[in-house]
Amino acid sequence: MATERIDVRGVARLARLALSDDEIERYGAQLEDLLKHVDDLKGLDTSDVAATAQVIESRNVTRPDTLVPCLPHETVMAGAPQPQHGFFRVPKIIAEEG
Amino acid sequence: MEPVHASAREIARAVNAREVSAAEIAETMIPHVRAVDEHLGAYLTLTPDLMREHARRVDARIAAGESLPLAGVPAAIKDNMCLAGTRTTCASKILADWVAPYTATAVARLLDAGALPIGKTNMDEFAMGSSGENSALGKTKNPYDLDRVPGGSSAGSAAAVGGFVATISTGSDTGGSIREPAAFCNVVGFKPTYGRVSRYGLIAFASSLDQIGPFARTVEDAALTYDALGGHDPMDATSADVAFETTAGHLRDDLRGVRVGIVREFATSDLAPGVAAAYEAAYADLAKLGAELVEVELPTAKYGLSTYYLIAPAECSSNLARFDGVRYGLRVDGADVGEMYEKTRAAGFGPEVKRRILIGTYALSSGYYDAYYVKAQKARTRIADDFRRAFAKCDVIASPAASSPAFTFNAKSDPYSMYLMDYYTIPVSLAGLPSLSVPCGSAVPDGGTRPMPLGLQLASPLFTERALLGYAHAYERATRHAGKLAPDPHCHPELVEGQR
């Protein structure tokens, strides 16, 4: 699998990262190099092993469904790059028809 | 009591006894830190006003009859932990101007215990790196040789304590980010069991591995700081809801009856001769203290790096998706929202962060998920099982904290050679174990002229922090390695002044 060329541009699109041609080339080579290293995991037998997402025992955590104080609206909005009327303003999301 | 070089315990005792006020300590530290940090670069932001405010608060509480475990202790905070009203950057351009709207639980607990915030420390961007060089906002140097790196990712927090511009500090450790810089900077660095310290307000890198812990110049100070930081927090659903054992009053002075595991697969013959000799001497010193050295096997430890470099980037790619230019941080405009996301993230993230986002996105993408991510999670199970088996034969495992002493800037241009620095710490992180690095001597690095510090890593079973810090304390008390090295004279402006 590691010998396969990686579609770095496609991965970057999934990750919402604009990359220059130089970066595609450089990160592509580094990614392939890393995948060669991690290929050693094929030598480790994991056939009867459960996956570990987290090491300490965990169970579902709930709390009473009651209102608790939270940050004031203006405090939250203070860090926004383009706040407007108490909302986060963004460029248009829906493409124009035609 | 002279606050720059005193221990946290000494400072807290003197402040609680009203021999000195927290305000006096703040006024001594503020100009000292400003002068030294020009050379060291440990801090991204200094918070003198906040330090004075907290000093006043501590003095008032003591006047009212309270006794505080960290009364008046100058503390540095890694810049991936929120401190309300203060810039919190993760050493990234994407958060360069972001002011935290709330305070992380660990930081709040530290301050409530009486610590005085000096400022926020430099780090590898988003805690991704092992040298500190991945910071987009500053260059931190090693206090023991300004031409060398401090280690990472908690670069500034380790350098600040090692360079005497903080008495204690907070770090975060995902694969070695507390233990490796602690080893490089001649300080104690302690990563508790995963879940022991709340991650609420810690900007996430890899959520199943990230853990906050202290840096200090002595094991006892690390224990005092840990006691303040730790414990269950309802704000972090992954914080361990188990009884919290304090540690500072329970440290021991010998290792009689303790079985110390030496890992067969971590042969010292893999290390440079001077480094290997120091570790052999450290193991011998453990035996002299009464420990029984036993050989243990960790046959899957060699898969640690591969496992880690799939799991951590996978979690990172998911966690860092939140930096999209909408709600906080940098925004670079685009014609539509997609272009805005892509341009913002391209301009805001540095090379190592981009690299890990790409690795993680690839490992999680359709068609590769089972082969990479699930495989790594299963490998993680095998690694944790190996440690469980090893702990049937021993109480604590000793190993190097890093594969070499601090290297020079730009020495590791290939990403994988940098990843190898964490060879010994990563398997322990994957198993979630409590672990620390304690100074264990020094070695002259390849091409270097002066000896640089080394750290001994000790790791013990889940939730055995009290025992672990006890072993480290016994070793530290018998060897006192940290005091045998002198930091760069620039960390002592009075000495530099004297030379002129």
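Residues numbered from 1 in each chain as written. Chains lettered and ligands numbered in written order. Predicted model: local features only at pLDDT ≥ 70, side-chain atom pairs only at ≥ 80, totals over all residues.

### Some thoughts on the overall build of chain A
Looking only at helices and strands, chain A has three helices and two strands in total. Going from N to C terminus, chain A has its helices and strands arranged as α-α-α-β-β. Its C-alpha atoms give chain A a radius of gyration of 23 Å, clearly above 13 Å, the size a compact globule of 98 residues would have. Along the three orthogonal principal directions, the C-alpha set of chain A runs to about 55 × 50 × 30 Å. Buried residues in chain A amount to 15% of all 98 residues. (Helix = DSSP H or I, 4+ residues; strand = E, 2+ residues; numbered from the N terminus. Rg over C-alpha atoms; globule rule 2.2 N^0.38 Å. Buried ≥ 20, exposed ≤ 12 C-beta atoms within 10 Å, placed from the backbone.)

### Regarding the sheet that holds strand S8 (residues 292–296) of chain B
Residue and element names in this part refer to chain B. Read across the open sheet, the eleven strands follow the order S1-S3-S2-S4-S6-S5-S10-S11-S9-S7-S8; overall the sheet is mixed. The two strands at the open ends of the sheet, each matched to only one other strand, are strand S1 (43–46) and S8. For this sheet the average axis-to-axis angle between neighbouring strands, irrespective of direction, equals 30 degrees. In this sheet, strand S11 (residues 452–459) lies alongside strand S9 (residues 396–400) in antiparallel orientation, the contact comprising four bridges. Following the sheet pairing, Pro400 is matched in S11 by Leu456. Docked against the sheet, helix H4 (residues 105–112) engages strand S2 (74–78), strand S3 (116–121), strand S4 (168–173) and strand S6 (211–216), running at close to 165 degrees with respect to S4. Packing of helix H7 (residues 219–229) onto the sheet brings it into contact with S4, strand S5 (188–191), S6 and strand S10 (435–443), and relative to S6 it is tilted by some 145 degrees. (Pairing = 2+ DSSP bridges. Axes fitted to C-alpha atoms, helices over the stretch in contact; angles between N-to-C directions. Contact = placed C-beta atoms within 7 Å.)

### Regarding the packing of helix H2 (residues 21–38) of chain A against helix H11 (residues 351–364) of chain B
Interhelical geometry of H2 of chain A versus H11 of chain B gives an angle of 55 degrees and a closest axis separation of 10 Å. With respect to each other, H2 of chain A and H11 of chain B are oriented oblique. The two elements H2 of chain A and H11 of chain B meet at a crossing, and its hand is right-handed. Touching Tyr27, Gln30, Leu31 and Leu34 of chain A of H2 of chain A are Lys354, Arg355, Leu358, Ile359 and Tyr362 of chain B, all from H11 of chain B. Here the residues of the contact of H2 of chain A with H11 of chain B sort into six nonpolar, one polar and two charged. (Parallel < 35°, antiparallel > 145°, perpendicular 65-115°, else oblique. Left-handed = near helix turned anticlockwise from the far one by under 90°. Nonpolar A, V, L, I, M, F, W, Y, C, P; charged D, E, K, R; others polar.)

### A look at the pairing of S11 of chain B
Residues and elements named next belong to chain B. Taking burial as the measure, the eight residues of S11 include eight buried ones, the bulk of the element. Inspection of the sheet shows S10 paired to S11 by seven bridges, in the antiparallel sense. In the sheet register, Pro439 faces S11, and the bridge partner there is Gly455.

### A short note on helix H1 (residues 8–16) of chain B
All names here are of chain B. When we look at burial in H1, the residues that qualify are Ala8, Ile11, Ala12 and Val15. One face of H1 carries all of its buried residues, which in axial projection span an arc of 95 degrees. In this structure, the buried residues of H1 make contact with helix H2 (22–40), helix H3 (48–63), S4, S6 and H7. Remark: Arg18 follows H1 within two positions and exhibits a positive phi of approximately 60 degrees. (Arc of directions from axis to C-beta.)

### So, H3 of chain B
Residue and element names in this part refer to chain B. The first and last C-alpha atoms of H3 sit 22 Å apart over 16 residues, in line with the 22 Å expected at 1.5 Å per residue. The set of residues buried in H3 consists of Met51, His54, Ala55, Val58, Asp59 and Ile62. Each buried residue of H3 sits inside an arc of 140 degrees when the element is viewed along its axis, so together they form one side. Facing away from the buried surface of H3 by more than 90 degrees, the exposed residues are Asp49, Ala60 and Ala63. Where the residues of H3 are buried, they touch H1, H2, H4 and S3. (Expected span 1.5 Å × (residues − 1).)

### Considerations on the interface of chain A and chain B
Taken together, the contacts link 46 residues of chain A with 59 residues of chain B. Among the secondary structure elements, those contributing two or more residues to the side of chain A that touches chain B are helix H1 (8–14), H2 and helix H3 (73–77) of chain A. Broken down by element, the side of chain A that touches chain B gets its largest block of residues, seven residues, from H2 of chain A. For the side of chain A that touches chain B, a count of residues per class yields 32 nonpolar, nine polar and five charged.

### Notes on the packing of H2 of chain A against helix H9 (residues 304–319) of chain B
One can describe the packing of H2 of chain A onto H9 of chain B by two numbers: an axis separation of 9 Å at closest approach and a directional angle of 130 degrees. Considering the angle they form, H2 of chain A stands oblique to H9 of chain B. Contact residues: H2 of chain A offers Leu34, His37 and Val38 of chain A, while H9 of chain B offers Ser306, Tyr309 and Leu310 of chain B. Partitioned by chemical class, the residues of the contact of H2 of chain A with H9 of chain B number four nonpolar, two polar and no charged.

### Describing the environment of Phe349 of chain B
In this fold, Phe349 of chain B is placed in the loop between helix H10 (337–348) and H11. For the pair Phe349 of chain B and Ala136 of chain B, spaced 213 residues apart in sequence, the C-alpha to C-alpha distance is 8.6 Å.

### What to know about the confidence of the model for chain A
Scored by pLDDT, chain A has a mean of 89; 92% of the residues are at 70 or more. At the low end of the mean pLDDT range in chain A sits H3 of chain A, at 92; at the high end sits H1 of chain A, at 96. (pLDDT = per-residue confidence, 0-100.)

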